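A closer look at the structure
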Amino acid sequence: MVKKTAGTPTDAASAPKKAANLTLIDVAKVAGVSPITVSRALHRPEVVSEKAREKVMAAVRQTGYVSNMLAGGLASNKSRLVAIFLPTIANSIFADTVQALMDRLTEAGYQTLLGLTGYSAEQEEKLLEAVLGRRPDGIVLTGTLHTESSRLRLAQSGIPVVEAWDLSEDPVDMLVGFSHEGVGQATAQHLLAKGYRRFAVVTIGDPRGLRRCHSLIAELQRQGHDAVPMQVLTPPATLEVGRAGLRQLLEQGASPDVVVCSSDTIAQGVLAEAASRGLQVPGQLAVMGFGDLSSAAQVYPALSTVRVDGHKIGQQVASALLECFKDPLRSAGPVRIDTGFTLIDRQST
């Protein structure tokens with residue numbers, strides 16, 4: 001095993017209003033319509049003209065206004081609801097994180113709401129539109145790639161936000177995760193040290209997976225390995241994606257001695273395709289995954305991979321939110337937690 005460890009004050013008069021303090025009147029002024037038109041466009045859009053709706057929605061995006069559907073409904077102004085956005089539930093790579101997070105929040109008396117983004121920042125924005133009006137006490141996002149509109153509305157909402165499974169120089173609020181670039185670089189160095197020289201990559205169009213793969217390729221190029229074929233397939237990650245990825249690489253004339261995959265599921269598909277072609281692993285073709293799923297050690301040959309402590313990420317996300325709920329001012333400073341990762345050598349490399 002190889003272990004990878006992990007302002008200036010603003011004048012109050014010019015500071016923008018928090019979305020929680022904005023009113024329909026504020027939005028109406030920006031849109032150039034009446035407050036009742038704003039209310040109808042948000043809550044009964046079928047009775048408002050398309051032109052008026054467009055003006056109102058443009059003003060909502062510009063101001064970051066959040067319609068509070070719970071206004072007056074709760075004396076405590078607390079929903080005890082936490083929204084969790086995931087790219088997919090088609091595979092179990094996020095299962096440990098979500099389970100640990102939900103267990104801890106449930107124990108503390110909070111309910112959770114899951115939303116699926118399909119690896120799309122635009123779909124995430126639509127989910128936020130639906131969720132923010134219900135004023136959740138906290139929001140958990142997978143990754144740090146968001147639309148500008150989403151970033152504005154999150155920043156203006158005043159709702160605690162944790163971006164998980166990633167690190168960033170420009171977080172929305174709190175961060176709990178690891179460096180995808182670090183994973184790619186460390187994987188390249190590790191496999192080079194084992195003597196591999198002809199690399200290929202199979203991934204899906206997941207922004208985080210692509211960052212790992214591009215970092216791996218950049219490190220290989222820095223070490224003098226320029227030709228690294230990469231197959232990028234459509235999400236979600238499945239065994240068939242892995243099989244198709246290797247099949248396409250070989251049909252295009254690639255002859256790698258190691259294939260690096262953006263997930264264990266894809267890597268297991270590569271193993272299956274290699275077996276169907278009579279390729280010996282790792283003698284003729286080595287395979288490297290990511291995620292260390294429970295099945296990774298049980299396939300034949302056992303899959304080499306990168307382990308991320310999903311359970312730890314979930315616990316740390318829950319702890320960050322619960323501490324914030326107790327102390328909204330968070331006087332201790334920003335939350336930035338690097339949970340690290342571990343390279344796991346098994347029989348496939």
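Residues numbered from 1 in each chain as written. Predicted model: local features only at pLDDT ≥ 70, side-chain atom pairs only at ≥ 80, totals over all residues. Heavy atoms only, no water.

**A look at the sheet that holds strand S2 (residues 81-86)**
This is how the line gets drawn: A pair of strands is considered paired only if DSSP assigns at least 2 bridges between the two. Only DSSP runs of H or I with at least four residues qualify as helices, and only runs of E with at least two residues qualify as strands; both kinds are numbered from the N terminus onward. For helices, the fitted axis covers only the stretch in contact; all axes are lines through C-alpha atoms, and the angles between them, taken along N-to-C directions, range from 0 to 180 degrees. The contact criterion used is simple: two residues touch if any of their non-hydrogen atoms lie within 4.5 Å.
Here we have six strands laid out as an open sheet, ordered S3-S2-S4-S5-S6-S12, and parallel in their pairing. Strands with a single pairing partner mark the edges of an open sheet, and in this sheet they are strand S3 (111-116) and strand S12 (336-338). Within this sheet the neighbouring strands show an average axis-to-axis angle of 15°, counted without direction. Sitting on the sheet, helix H4 (residues 95-107) touches S2, S3 and strand S4 (138-142), and the angle it makes with S2 is about 175°. Contacts between helix H11 (residues 310-326) and the sheet are confined to S2, S4, strand S5 (161-164), strand S6 (174-177) and S12, with S6 contributing the most and set at about 165° to the helix.

**Comments concerning the state of the cysteines**
We count it as follows: Two cysteine sulfur atoms make up a disulfide if the distance between them is within 2.5 Å.
Enumeration over the complete set of coordinates arrives at zero disulfides. Cys 213 forms no disulfide, and the closest cysteine sulfur to it belongs to Cys 261, at a distance of 8.5 Å.

**Observations regarding the sheet that holds strand S7 (residues 199-204)**
The four strands lie next to each other as S8-S7-S9-S10, forming an open sheet whose pairing is parallel. The sheet terminates laterally at strand S8 (230-233) and strand S10 (286-288), the two strands that pair on one side only. Pairwise comparison of adjacent strand axes, ignoring direction, gives a mean angle of 15° for this sheet. In the sheet, S7 pairs with S8 via four bridges, with the strands oriented parallel. The residue bridging Val 201 from the neighbouring strand is Met 230, located in S8.

**Observations concerning the pairing of S2**
Stated precisely, the cut-off is as follows: Accessibility here uses a 1.4 Å probe with only protein chains present; expressed as a share of the type maximum, an area under 20% marks a residue as buried, one over 50% as exposed, and anything in between as partly exposed. By convention a crossover is right-handed if, when the strands point away from the viewer, the path from the first strand over the helix to the second runs clockwise.
Burial of S2 is extensive: six of the six residues sit out of reach of the surface. Because side chains alternate across S2, one face comprises the buried residues Leu 81, Ala 83 and Phe 85, and the other comprises Val 82, Ile 84 and Leu 86, equally buried. Two strands pair when backbone bridges link them, and S2 and S3 are joined in this way by six bridges, in the parallel orientation. By the bridge assignment for S3, Val 82 is matched with Thr 112. For the crossover that starts at S2, traverses H4 and ends in the parallel S3, the hand is right-handed. Where S2 meets S4, four bridges bridge the pair, whose relative direction is parallel.

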